[in-house]
Amino acid sequence: MRKVKVRLRPIVNRINLPTILKTVILPGDSIERLFIATQVGEIFYIGNGGIRTFLDIRPRIIKLGASGGYDERGLLGLAFHPEFYYNGLFYLHYSAAGTQGPGALLESFKPAPCDQNTLNLKWTNRDTQYDHIDTVEEWILISSGQPQKRRALLNLRRPFSNHNGVNSLNFSPETGKLVLTTGDGGSGYDPFNLSQDEMEIAGKIIEIDVDKNTSIYSPPVVTRFNELPVPIQETLSVMAKGVRNIPGISFQRYYNQYIKYVGNVGQDLVESIFSFVHYKPIPVTQLIQASLMKSEPDQEGFINFGWRGWEGPFPASIIRGCSANPNLDEKTIAYYNEAIKTSVRRIKPLTSYFHKDPRPDKFWGTALTGVHPYKGEGIPALTGSVVFTDLARKEESQTPVKGVLAYIRVRPDCQLNDFSVIETDYNFGSQSAYYVNLGTNLDQTRLYLGVYGSMKVTDFNQGAVFEIIP
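So, here is what we can say about the structure in this document. (Residues numbered from 1 in each chain as written. Predicted model: local features only at pLDDT ≥ 70, side-chain atom pairs only at ≥ 80, totals over all residues. Heavy atoms only, no water.)

Topic: the overall build of the chain
Check the secondary structure of the chain and you find five helices and 31 strands. In terms of overall dimensions, the chain is globule-like: its C-alpha atoms have a radius of gyration of 21 Å, near the 23 Å expected for 470 residues. Its C-alpha atoms put the chain at 60 × 60 × 45 Å along the principal axes. Out of the 470 residues belonging to the chain, those deemed buried represent 58%. (Helix = DSSP H or I, 4+ residues; strand = E, 2+ residues; numbered from the N terminus. Rg over C-alpha atoms; globule rule 2.2 N^0.38 Å. Buried < 20%, exposed > 50% of the residue type's maximum accessible area, 1.4 Å probe, protein only.)

As structure tokens, this is what we get:
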């Protein structure tokens with residue numbers, strides 16, 4: 001593939017960790033404004049040459065970084081209603097203050113294929129054994145310019161602190177519905193197999209019909225679809241399961257239909273990007289009815305990414321160092337039976353990249369942080385491609401740490417294709433530069449990159465946002 005070089009144009013610096021980058025036209029305005037949401041709960045926008053505060057919900061966010069500074073909770077999602085210019089509605093997903101719990105397991109988890117007990121764990125005592133509560137809310141920008149909360153759409157109890165999704169709210173231009181991407185609940189290896197259980201909210205991609213008014217402004221805290229009140233169940237459908245953790249979903253118009261791109265963050269082996277056009281979401285009411293009848297719902301056209309049986313193109317594996325040769329690893333299939341069950345139903349990745357890769361023109365990945373199609377002509381070498389970001393190169397020789405930009409060309413048959421690294425010119429000096437987020441404007445002709453100087457959310461004001469330019 002062709003080698004591509006780009007430049008990074010600084011837009012803003014010395015902000016907190018930027019989790020979301022997207023543009024919208026404010027009511028009464030005439031141009032798109034770049035909005036930046038930070039993990040700690042601030043939402044800014046770029047206007048008239050400076051950065052302005054749109055909303056600050058830091059008091060509503062759970063205390064972050066209590067155990068060492070690294071944290072995957074906080075402000076996770078921001079989406080503007082397709083009619084935002086006229087109705088002022090927007091949506092937030094965040095980890096709520098005052099909801100800290102002890103967690104679902106007392107110690108870290110790793111499956112042992114020879115120990116049946118580790119393969120069939122159940123999440124019991126959910127009311128007390130959980131980590132925190134995430135909320136999805138509807139807000140409105142009123143004429144005075146001060147946003148106000150209107151209602152909560154979902155309150156979700158989460159078993160662990162990680163895998164909550166990021167950039168987790170996006171509106172589908174295809175259906176007009178709000179799409180919520182939820183991670184599998186966290187820990188590692190999905191201990192309770194929540195991602196494959198149709199009743200579990202964790203590990204799914206969910207469509208929410210926000211235009212249906214349920215008259216329920218404070219829904220109960222739940223973990224399963226059948227715990228929701230019926231009016232809320234009727235607003236929900238599930239378009240995919242088998243999710244580990246997703247940095248959002250993006251849509252690319254292709255003639256009279258849309259290609260959907262989803263990145264699934266890997267466990268120990270590989271990061272994967274999936275694409276699909278046709279899908280058939282299952283209404284939550286149908287899932288619940290099938291569960292009550294102890295039957296299987298119609299899954300024709302239903303998307304399954306395969307986790308926890310599959311990690312991208314491979315059966316999910318446990319990696320151990322070889323005692324006889326420290327340069328080699330032993331890989332053991334973690335969940336053989338589940339890999340068999342989902343082997344036919346899962347969709348295959350569009351591309352994957354690896355945590356260890358011997359090829360000289362590739363890189364050792366850490367975690368996928370963004371996926372977007374690029375339709376602009378400003379960077380001709382990338383026009384029509386799909387661009388993605390990885391948090392940090394793993395190669396030990398590289399200090400300080402720096403993230404990775406890369407791209408793939410989508411084949412007409414949508415079969416597996418390889419990727420190429422995008423070279424950047426920016427000199428971060430001695431500062432680490434984790435690539436924490438990739439964003440785009442409304443027509444996908446511009447790309448924005450969120451960078452942070454630390455892995456710790458408690459190391460404040462080390463963030464910057466750049467535009468990717470030729």
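A word on the environment of Gln286
Here Gln286 lies in helix α4 (residues 284-292). Residue classification places Gln286 among the partly exposed positions, given a relative accessible area of 48%. Separated by 52 residues in sequence, Gln286 and Glu234 have C-alpha atoms that sit 9.6 Å apart.

So, the sheet that holds strand β24 (residues 351-354)
Taken in spatial order, the four strands of this open sheet run β15-β16-β17-β24, and their pairing is antiparallel. Two strands close off the open sheet at either side, each with one partner strand: β15 (249-254) and β24. Neighbour to neighbour, the strand axes of the sheet diverge by 15 degrees on average, direction disregarded. With six bridges joining them, β15 and strand β16 (residues 257-264) adopt antiparallel strand pairing. Paired with Ser250 across the bridge in β16 is Tyr261. (Pairing = 2+ DSSP bridges. Axes fitted to C-alpha atoms, helices over the stretch in contact; angles between N-to-C directions.)

Comments concerning the side chain of Asp357
Within the secondary structure, Asp357 sits in the loop between β24 and β25 (368-373). A distance of 2.8 Å separates the side chain of Asp357 from the side chain of Arg359, its partner in a polar contact. What Asp357 contacts, discounting residues up to four positions off in sequence, is Lys362, Phe363 and Trp364. (Polar contact = N/O pair within 3.5 Å; in protein donor to acceptor, adjacent residues only side chain to side chain. Contact = heavy atoms within 4.5 Å.)

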